[in-house]
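Coordinate inspection notes
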Amino acid sequence: MRTAVALSGGADSLLTLHLLREKGVPLTGVHAFFLPPSEEDRALAQRIEAGCRDLDVPFFALDLSAEFEKQVIQPFIRAYTRGRTPNPCAICNPRIKFGLLRDRVRDLGTERLATGHYARLAPTESGPGLFRGKDPAKDQSYFLSLVPVERFFGVEFPLGTWRKTDVQAELQARGLRVPAGGESQEVCFIPEDYRAFLTDRGVPLSGPGPVRTVAGEPLGNHPGLWRYTLGQRRGLGIPYSEPLYVIAKEHATNTLVVDTREKLNVAGCTAVNLNILVPQERWPEGVLAQTVYRQTPKPATVSIRRKTVTIRFEEPRSRPTPGQVAAIYSEQGQVLAGAEISDSLIS
RNA sequence: UGGGGCGUAGCCAAGCCGGCAAGGCAACGGGUUUUGGUCCCGUCAUUCGGAGGUUCGAAUCCUUCCGCCCCAG
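In every chain, residue numbers begin from 1 and rise along the written sequence. For naming, the first written chain is A and the first written ligand is 1, with later ones following in the order written. The model is predicted, so local features are restricted to residues of pLDDT at least 70 and side-chain atom pairs to those at 80 or more, both for listing and for counting; the totals for chains, interfaces and linings are taken over all residues. Side-chain calculation: all heavy atoms of the structure are included, whereas hydrogens and water are not.

Here we look at the overall build of chain A
Note the threshold: Where helices and strands are cited, they refer to DSSP runs of H or I of at least four residues and of E of at least two residues respectively, numbered from the N terminus. Using a 1.4 Å probe, the Shrake-Rupley method yields the accessible areas, and only the shown protein chains count as cover for residues. Charge assignment: positive for Lys and Arg, negative for Asp and Glu; neither His nor the chain ends contribute. Charged groups are reduced to one reference atom each: NZ for lysine, CZ for arginine, CG for aspartic acid, CD for glutamic acid.
Along chain A, the regular secondary structure elements total seven helices and 17 strands. Reported as C-alpha extents along the three principal axes, the dimensions of chain A are approximately 65 × 50 × 35 Å. Working note: accessible area of chain A is about 17100 Å², and carbon and sulfur atoms make up 49% of it. Side-chain charges in chain A split into 43 positive and 38 negative, and the spacing between the mean points of these groups amounts to 2 Å.

Below, the structure written as structure tokens:
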């Protein structure tokens, strides 16, 4: 059985390739273009191909840019026009990497797919189980929580048991050079600033409006609600006795509500488009919720109703941002479910 | 121009019985980072409304000018 290795050109996928090659697994190298490939992109693909050739690994470059535009970029833009804060990486995983790419790789005659994600997959009673990667600082299971469980059949993450520093050391020890160089990492479709990206695309966005505190104290004006996200502190430009955070975006009145840190806390959230990785009847007694990447998961009560989920935190915590992902974990770090945050539970 | 108060970095604000300008916010820079954010670290007044004076030495004392606020009219 042949395994395709998704090669971005970065360090992680490079080591993934070599680790599997060493095990004698029949491999095919695959590089996907998520954007219409530039000269540099093609040059990178050629360098990756050269690396595969040295290992006698067949290589394919796939242009997925049209679908990426439709499935990731357009929804990303649409989210901003609706005042949400999208998480394109979390969308890309189910739709592109483990959606389209997964299928295309199968079309190439390779049953299995390996990537350099920092997460672990292990068989469980209810199918493939998704767990946190060993390196807590690099764990990417949060971004994978919206991938349907059946999409993980035949998928493997060889780096799930690795730590980033060990990966770098191993590459060094093997004398392997990263095709993409030490330069910018996986710069996705946002070159630097999403705000610039949106305006460059001519996306119609909301205009200036008032800024006030929760209590109603006026604090000036903002240049557009889409420029802000809940919980944001920097960039408000408002001198105050304490740091101010974005508490809410009132679209009806085009008002930006800001206030001090403690006002940011909330009792929980609701989330939609629920992706269940483990049937709830198999969940452990206590589960943990994580509503932001790299946030420490904390105990919560989860109630599911069709594709909507209500998450109630045991202790109040920072208000979840609509458009971001809420992931439910077990104490052991297994992802039980993922969903798209839609609202806050105030009490 | 009768009385009172004030003027310190972009904003707020200590210091004002003289000794070589706290702090907070904002901003900027960097770090962490497969999204937005968060978080962490760092930088940020040779100068205290202006001009004189006293002093070894003043934001701190004195004089004067400018500006602002309040109360009385």
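Concerning the packing of aromatic side chains
Filter applied, for reference: Between 30 and 60 degrees the pair is tilted, below 30 it is stacked and above 60 it is edge-to-face, where a pair is any two Phe, Tyr or Trp rings, Trp via its six-membered ring, whose centres lie within 6.5 Å. With a 1.4 Å probe rolled over the protein chains alone, any residue whose accessible area is under 20% of its type maximum counts as buried; one over 50% counts as exposed, and the rest are partly exposed.
Enumeration over the complete set of coordinates arrives at 13 aromatic pairs. Geometrically, the ring pair formed by Tyr 142 and Phe 143 is edge-to-face, given 5.5 Å between the ring centres and 80° between the ring planes. This pair shows no difference in class: Tyr 142 is buried, exactly as Phe 143 is. Ring centres 6.3 Å apart and planes at 80° place the aromatic pair Phe 152 and Phe 157 in the edge-to-face group. The class for Phe 152 is buried, based on a relative accessible area of 2%. By the ring-pair criterion, three or more aromatic residues cluster together here, those being Phe 34, Phe 68, Phe 76, Tyr 80, Phe 189, Tyr 194 and Phe 197.

So, the side chain of Thr 28
Note the threshold: Any pair of N or O atoms that falls within 3.5 Å is considered a polar contact. Within protein, one atom must be able to donate a hydrogen and the other to accept it, and sequence-neighbouring residues count only if both atoms are side-chain atoms. Whether two residues touch is decided by their heavy atoms; if any such pair falls within 4.5 Å, the residues are in contact.
Here Thr 28 lies in strand S2 (residues 27–33). Given a relative accessible area of 3%, Thr 28 falls into the buried group. A distance of 3.4 Å separates a polar atom in the side chain of Thr 28 from a polar atom in the side chain of Arg 2. If sequence neighbours within four positions are ignored, Thr 28 has contacts with Arg 2, Thr 3, Ala 4, Val 5, Val 57, Pro 58, Phe 60 and Thr 110.

Considering the packing of helix H1 (residues 11–22) against helix H6 (residues 164–174)
Worth spelling out the cut-off: Lines fitted to the C-alpha atoms define the axes, with helices restricted to the stretch that makes contact. Angles between their N-to-C directions range from 0 to 180 degrees. Angle categories are assigned with fixed cut-offs, so that under 35 degrees is roughly parallel, over 145 is roughly antiparallel, 65 to 115 is roughly perpendicular, and the rest are oblique. Left-handed describes a crossing whose near helix is turned anticlockwise from the far helix through less than a right angle; right-handed describes the clockwise counterpart.
Viewed as axis vectors pointing N to C, H1 and H6 meet at an angle of 65°, and their least axial separation amounts to 10 Å. It follows that H1 is roughly perpendicular to H6 by the angle criterion. Here H1 and H6 pass one another in a crossing that is left-handed. Taking contact as the criterion, the partners of Ala 11, Asp 12, Leu 14, Leu 15, His 18, Leu 19 and Glu 22 in H1 are, on H6, Lys 164, Val 167, Glu 170, Leu 171 and Arg 174.

A word on the sheet that holds strand S10 (residues 245–250)
Put simply, the test is: We call two strands paired when DSSP finds no fewer than two bridges between them.
Across the sheet, four strands lie side by side as S9-S8-S11-S10; this open sheet has mixed pairing. Two strands lie at the open edges of the sheet, namely strand S9 (218–222) and S10, each paired on one side alone. Each neighbouring strand pair of the sheet contributes to a mean axis angle of 25°, computed without reference to strand direction. As defined by bridge partners, S10 adjoins strand S11 (residues 255–259) across five bridges and the pair is classed as antiparallel. When the sheet's bridge partners are listed, Tyr 245 is paired in S11 with Asp 259.

A closer look at the packing of helix H3 (residues 65–81) against helix H4 (residues 88–107)
Counted only if it meets this: Each residue is assigned to one of three groups, with Ala, Val, Leu, Ile, Met, Phe, Trp, Tyr, Cys and Pro labelled nonpolar, Asp, Glu, Lys and Arg labelled charged, and all others, Gly among them, labelled polar.
At their nearest, the axes of H3 and H4 sit 10 Å apart, and the two run at 165° to each other. By the angle class used here, H3 and H4 are roughly antiparallel. In the crossing of H3 with H4, the sense of the turn from one axis to the other is right-handed. Of the residues in H4, those in contact with Glu 67, Phe 68, Gln 71, Val 72, Pro 75 and Phe 76 of H3 are Pro 88, Ile 91, Cys 92, Arg 95, Ile 96 and Leu 100. Here the contact of H3 with H4 is composed, by residue class, of nine nonpolar, one polar and two charged.

Let's talk about H3
Here is the rule: Expected helix span is taken as 1.5 Å per residue step, with the number of steps being one fewer than the number of residues. To obtain the bend at a residue, axes are fitted to the seven residues ending there and to the seven starting there, and the angle between these axes is taken.
In a regular helix each residue adds 1.5 Å, so 17 residues correspond to 24 Å; H3 covers 22 Å between its end C-alpha atoms and thus fits that length. In the structure, H3 departs most strongly from a straight axis at Ile 73, where the bend amounts to approximately 30° and where the proline Pro 75 lies between one and four residues downstream. All of the buried residues along H3 are Ser 65, Phe 68, Val 72, Ile 73, Pro 75, Phe 76, Ile 77, Ala 79 and Tyr 80. Here the buried face of H3 lies against S2, strand S3 (59–63), H4 and helix H7 (194–200). Just downstream of H3 lies Gly 83, where phi reads positive at about 80°.

As for the nonpolar core
Test applied: In these notes, a set of buried Ala, Val, Leu, Ile, Met, Phe, Trp, Tyr and Cys residues joined through side-chain atoms within 4.5 Å is what counts as a nonpolar core.
Counting residues in each nonpolar core, the largest one holds 44 residues, and the members touching the most others are Phe 76 and Leu 198. If you list the elements that add at least two residues to this core, you get strand S1 (3–6), S2, H3, H4, helix H5 (141–144), H7 and strand S16 (325–329). Ranked by residues supplied to this core, first place goes to H4 with seven residues. Ignoring anything within four residues of it in the chain, the contact list for Phe 76 reads Pro 86, Pro 88, Phe 189, Ile 190, Tyr 194, Phe 197 and Leu 198. Ranked by size, the runner-up nonpolar core spans 19 residues in total, among them Trp 283, Ala 326, Ile 328 and Ala 339.

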